[in-house]
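Each chain is listed here by its residues.
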Amino acid sequence: MLTGKVALVTGAGRGIGRQIALTLAQYGASVIVNYNGSKEKAEEVAAMIKEQGGEASVYGCNISDYGAVETMMKELVAQYGRIDILVNNAGITRDGLLMKMSEADYDAVLDTNLKGTFNCIKHISRQMLKQKGGHIINLSSVVGIYGNGGQVNYSASKAGVIGITKSVAKELGSRGITVNAVAPGFIVTEMTDAMPEEAKKQVADHIAMKRLGDVKDVAETVAFLASDRAAYITGQVICVDGGMSM
Ligand code: NAP
């Protein structure tokens, strides 16, 4: 499904990004595993892909750094000649009620989740325009659509990601470039691990499918949107939440 395609997945050493990298590679893409702090884990992911006969490399870059992302994209294009798939997965949380939220926690989340997404799209867009094609998939969240107490910074960033997705889809659509967002519900990763088991059970009770999400649930959706099977889908937000937000 993705044979011959080059894919960059941000924050792919851990969590959902790791599974996205593994899944895109399983479908035949050559995958660049981006990391910020987790170099060893990113190298582990690349090694797993190679063991399974796939192609992978790692690239360390803090996606909130505009200049560093520009350099990353230039170097990757020089190395690979093209980038067909960009998955903006990297994201952080700094939860807290509005009254207690610091400016630093607000800025950190917006810098990574929203500006990071902008940085990556901005610096790959020229190459995708030259190629006359590409698929961009941005990780939003159901809280970017519905909001969530204690996550003003995070939900603002993820709502912003939806705004970027739709606007860029309109700007780049005529050149064969699709831009979509995936909005996961509650997916079991380190980001959600901190929650007590009882609280997780309560969340599951409110999900139509009565279970929390698995990283594979998200990765398969991303893989579909990254393929030419989804060539006429753009500017959309696909909730992968087991029916949680209905
Ligand atoms: P996670 O387990 O906490 O992993 C976060 C990933 O983001 C790590 O690989 C991390 O890389 C990377 N990252 C953070 N800051 C970065 C930066 N400045 N530059 C590059 N990479 C950076 O999170 P997750 O649960 O897999 O979430 C992945 C995405 O899905 C996020 O955008 C998240 O908001 C979204 N999402 C998750 C859920 C959920 O339930 N888990 C729900 C909705 C949406 P390093 O370790 O290398 O720093």
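Computed from a predicted structure; not experimentally measured.

(A) Local environment of the pairing of strand E6 (residues 177–184). Within E6, 8 of the 8 residues are buried, which leaves the element mostly enclosed by the surrounding structure. Residue alternation in E6 divides its side chains into two sets, Ile177, Val179, Ala181 and Ala183 and Thr178, Asn180, Val182 and Pro184, and both sets are buried. Relative to E6, strand E5 (residues 134–139) runs parallel, the two sharing 6 bridges. Bridging across to E6, asparagine 138 finds its partner in alanine 181. Bridge analysis of E6 against strand E7 (residues 237–240) gives 4 bridges, and the strand direction is parallel. When the sheet's bridge partners are listed, alanine 183 is paired in E7 with cysteine 239.

(B) Main features of the site of the ligand. The environment of the ligand is formed by 30 residues, the closest being Ser38, Asn89, Tyr154, Ile187 and Thr189. Between isoleucine 16 and the ligand, the recorded distance is 2.8 Å, taken from a backbone N or O atom to an oxygen atom. Note that an oxygen atom of the ligand is positioned 2.8 Å from one of the side-chain N or O atoms of lysine 158. Relative to its free-state accessible area of 890 Å², the ligand is covered by the protein chains to the extent of 94%. With 3 residues, the single largest contributor to the shell around the ligand is helix H7 (residues 190–193). Considering only residue class, the shell around the ligand consists of 12 nonpolar, 15 polar and 3 charged.

(C) View of the sheet that holds strand E2 (residues 30–35). What the 7 strands build is an open sheet, ordered E3-E2-E1-E4-E5-E6-E7; its pairing is parallel. This sheet does not close on itself; its edge strands, each paired only once, are strand E3 (55–60) and E7. In this sheet, adjacent strand axes meet at a mean angle of 20 degrees when their direction is disregarded. Two strands pair when backbone bridges link them, and strand E1 (residues 6–9) and strand E4 (residues 85–88) are joined in this way by 3 bridges, in the parallel orientation. In the sheet register, alanine 7 faces E4, and the bridge partner there is isoleucine 85. Where helix H6 (residues 152–172) meets the sheet, it contacts E5, E6 and E7, and its direction lies at approximately 160 degrees from that of E6.

Procedures and definitions
- Residues numbered from 1 in each chain as written.
- Predicted model: local features only at pLDDT ≥ 70, side-chain atom pairs only at ≥ 80, totals over all residues.
- Heavy atoms only, no water.
- Buried < 20%, exposed > 50% of the residue type's maximum accessible area, 1.4 Å probe, protein only.
- Helix = DSSP H or I, 4+ residues; strand = E, 2+ residues; numbered from the N terminus.
- Pairing = 2+ DSSP bridges.
- Near = heavy atom within 4 Å.
- Polar contact = N/O pair within 3.5 Å; in protein donor to acceptor, adjacent residues only side chain to side chain.
- Areas by Shrake-Rupley, 256 points an atom, 1.4 Å probe, with all protein chains shown as cover.
- Nonpolar A, V, L, I, M, F, W, Y, C, P; charged D, E, K, R; others polar.
- Axes fitted to C-alpha atoms, helices over the stretch in contact; angles between N-to-C directions.
- Contact = heavy atoms within 4.5 Å.

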